[in-house]
Amino acid sequence: MNESRPATAAQLPKETGKRGEFVRQANRFTDRVTADASSGWPAEPDRYRLVWSRACPWAHRAVIVRQLLGLDDALSLATVDPIRDERGWRFTLDAGGRDPVLDIAFLAEAYHRTDPTFEGRVTVPCLIDVPSGTVVTNDFPQITLDFSTQWKDFHRPGAPDLYPEDLREEIDQVVAAIYDDVNNGVYKCGFASSQQAYERAFDTLFARLDWLEDRLRNQRYLCGDGSRLTEADIRLFTTLVRFDAVYHNHFKCNRNKLTEQPVLWAYARDLYQTPGIGETVDFDQIKRHYYLTHHQINPTGVVPKGPDPTGWTLPHGRG
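(A) Molecular detail of unusual backbone geometry. Here the bond from Val124 into Pro125 is cis, since omega is 5°, no more than 30 degrees from zero. Phi at Asp46 takes a positive value of approximately 65°, unusual for a residue other than glycine. Note on Asp46: relative accessible area 64%, which makes it exposed. The phi dihedral of Asp103 is positive, around 55°, even though this residue is not glycine. By relative accessible area, Asp103 is classed as partly exposed at 49%.

Now the structure itself:
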């Protein structure tokens, strides 16, 4: 289909270009927590709180890396409700509707404490300095890299090196392609408000998925000789695990399902069954977030009952 029709009302008008294409907003807070404290934010236990939503793929990967590296004791975790209202992410999962450590009801409170002029979309993950209640960073690509490189003193014994120095150049190249075409690509499909913008994003997405299918055909993981789990695999996984439940239908990424790409489907199951990864997945919260907060895309608010998640535990054959 290539009809020329006017763009419809966008789900995110402030992040929609003139041709109906989705243009993600820049991350507002980009300070870093560093091992040597050169940033002004030293890596130290019990100082920072990581705020995430079980529904959000960007936040999900931060929690997976935290879990794999064993940073649970050093870095506390706050979980927001998957359903946002007009004020954004809420702490309604906590008693009294307030985060017990930060003592706030909405993540926006921390944003506005840090920058009273902020008018953009409040996003997760973000790292908050507990003593001041201010946001250090919501720079999701850098957060996980810093967990691997700046928090080493607090890694568990035997923690994997998810960003090994000998593979960093390759990992950076692979994750850049995955981000543009897959991680953000599904959003470019779902939030497109013109046929042309949607079809461009759709074609790019599935071309990249085909490329990944071929790349993983003869190796277990994405980078190097395929023998090591890295940051690149975590970043791809959080999109793949949401693909059939949300993106295939809700975001119109429907050339095929993940379960219909045999290599990627086996690869995704392999990651899901890796200790520290599968237990962080919550399909109920994932589905409720997307189908109940994107009113322009799903005005009825009906949440699909499927797909059946038990397939994620089937043998993957990629040992």
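Back to the write-up after that little detour.
(B) Structural view of the packing of aromatic side chains. Applying the stated rule across the entire model yields 28 aromatic pairs. With centroids separated by 6.1 Å and ring planes inclined at 90°, the aromatic side chains of Phe206 and Phe243 adopt a geometry described as edge-to-face. In this pair, Phe206 sits in helix 6 (residues 195-215) while Phe243 sits in helix 7 (residues 231-247), placing the two residues 37 residues apart along the sequence. With centroids separated by 4.9 Å and ring planes inclined at 80°, the aromatic side chains of Trp265 and Trp312 adopt a geometry described as edge-to-face. You can see Trp265 sitting in helix 8 (residues 262-272) and its partner Trp312 sitting in the segment after helix 9 (283-293), a full 47 residues away along the chain. A residue is classified by how much of its surface remains accessible, and Trp265, at 13% relative accessible area, is buried. When the ring centre of Tyr187 is taken as origin, the NZ or CZ atom of Arg24, which lies over that ring, is 4.7 Å away. In this structure, Arg208 is placed above the aromatic ring of Trp211, and the distance from its NZ or CZ to the ring centre is 4.7 Å.

(C) Up close: the nonpolar core. Among the nonpolar cores identified, the biggest contains 98 residues, and Val51, Leu107, Phe147 and Leu222 are the most heavily contacted of them. When residues of this core are assigned to their parent elements, the largest contribution, 10 residues, is made by helix 7. Every residue in contact with Val51, bar those within four places of it in the chain, is listed here: Ala78, Val80, Phe91, Leu102, Leu107, Val124, Pro125, Cys126 and Ile128.

(D) Molecular detail of helix 8. Counted residue by residue, helix 8 has 10 buried out of 11 residues, so it is predominantly covered. Three or more residues of helix 8 are buried, namely Val263, Leu264, Trp265, Ala266, Tyr267, Ala268, Arg269, Asp270, Leu271 and Tyr272. Elements that come into contact with the buried residues of helix 8 comprise helix 6, helix 7 and helix 9.

(E) Examining the environment of Ala177 more closely. Here Ala177 shows up in helix 4 (residues 168-183). Residues Ala177 and Arg208 lie 31 residues apart in sequence; the distance between their C-alpha atoms is 8.0 Å. Sequence-distant contacts of Ala177, that is, excluding residues within four places in its chain, are made with Val182 and Arg208.

(F) Structural context of the pattern of salt bridges. Counted by the stated rule, this structure contains 16 salt bridges. When the shortest N-O distance is used, the salt bridge between Asp284 and Arg288 registers 3.0 Å. Of this pair, Asp284 and Arg288 both sit in helix 9, separated by four residues, roughly a single helical turn. By sharing partners, the salt bridges in this structure join Glu44, Arg47 and Asp129 into a single network.

(G) Layout of the state of the cysteines. Within the structure shown, the criterion is met by zero disulfides. With no disulfide of its own, Cys189 has Cys253 as its nearest cysteine by sulfur position, at a separation of 4.0 Å. A relative accessible area of 0% means that Cys253 is categorised as buried.

How each quantity is defined
Residues numbered from 1 in each chain as written. Predicted model: local features only at pLDDT ≥ 70, side-chain atom pairs only at ≥ 80, totals over all residues. Heavy atoms only, no water. Buried < 20%, exposed > 50% of the residue type's maximum accessible area, 1.4 Å probe, protein only. Phe/Tyr/Trp six-rings, centres within 6.5 Å; stacked < 30°, edge-to-face > 60°. Helix = DSSP H or I, 4+ residues; strand = E, 2+ residues; numbered from the N terminus. Lys NZ or Arg CZ within 6 Å of the ring centre and 35° of its normal. Core = buried A, V, L, I, M, F, W, Y, C linked by side-chain atoms within 4.5 Å. Contact = heavy atoms within 4.5 Å. Salt bridge = Lys/Arg side-chain N within 4 Å of Asp/Glu carboxyl O. Disulfide = S-S within 2.5 Å.

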